[in-house]
Amino acid sequence: MTSHKTAQTMKPATAAKKLGVYLEATPAEFQEGVVSRTELNTLQADPPEWLQELRRNGPHPRPVVAAKLGVSISGLARGGVTEALTTEQIEALKKEAPDWLQQERATQAEVRKEAVRIKEKNAARDRADDARS
């Protein structure tokens, strides 16, 4: 009995998410096929021109837009940003600095500070537990 090893494949949406690009902006052949793990690794290691262009100029998916603006995905939604944005649109938003963006950035900064505080508190507790052991 021989065992056949099949290549692990994923849907284009999953591959686009892993590559950090907006699926609808990818070439038709990427959107219509399946992507093997090997193909994904090749795309990540040696991105073709279309992938480099998408990463550079967009349109970018919401997680990338949120990261570039320094806000959460929920913050984008609260600010009314529901569509993919290009790098140019993101830069324009940064320069414009609307009130919602400033507020969401402040909120995100507080969330990060709280996460650090909790991490430090847990580390101190773990050290105290280790010292007692």
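These figures come from a predicted structure and were not determined experimentally.

Student: When you look at the packing of aromatic side chains in this model, what are you seeing that I'm missing?
Tutor: Two aromatic rings are characterised by how far apart their centres lie and by the angle between their planes. Summed over all chains, the structure comprises one aromatic pair. Arranged with centres 5.4 Å apart and planes meeting at 55°, the rings of Phe30 and Trp50 form a pair that is tilted. You can see Phe30 sitting in helix H2 (residues 28–32) and its partner Trp50 sitting in helix H4 (residues 49–57), a full 20 residues away along the chain. The exposure class of Trp50 is partly exposed, given its relative accessible area of 26%.

Student: Before we go on, may I ask you to explain the side chain of His60 in this structure?
Tutor: Looking at the secondary structure, you find His60 in the loop between H4 and helix H5 (62–69). In this structure the side chain of His60 is engaged in a polar contact, spanning 2.6 Å, whose partner is the side chain of Thr87.

What counts and how
Residues numbered from 1 in each chain as written. Predicted model: local features only at pLDDT ≥ 70, side-chain atom pairs only at ≥ 80, totals over all residues. Heavy atoms only, no water. Phe/Tyr/Trp six-rings, centres within 6.5 Å; stacked < 30°, edge-to-face > 60°. Helix = DSSP H or I, 4+ residues; strand = E, 2+ residues; numbered from the N terminus. Buried < 20%, exposed > 50% of the residue type's maximum accessible area, 1.4 Å probe, protein only. Polar contact = N/O pair within 3.5 Å; in protein donor to acceptor, adjacent residues only side chain to side chain.

Everything listed is a geometric property; what it means functionally is a separate question.
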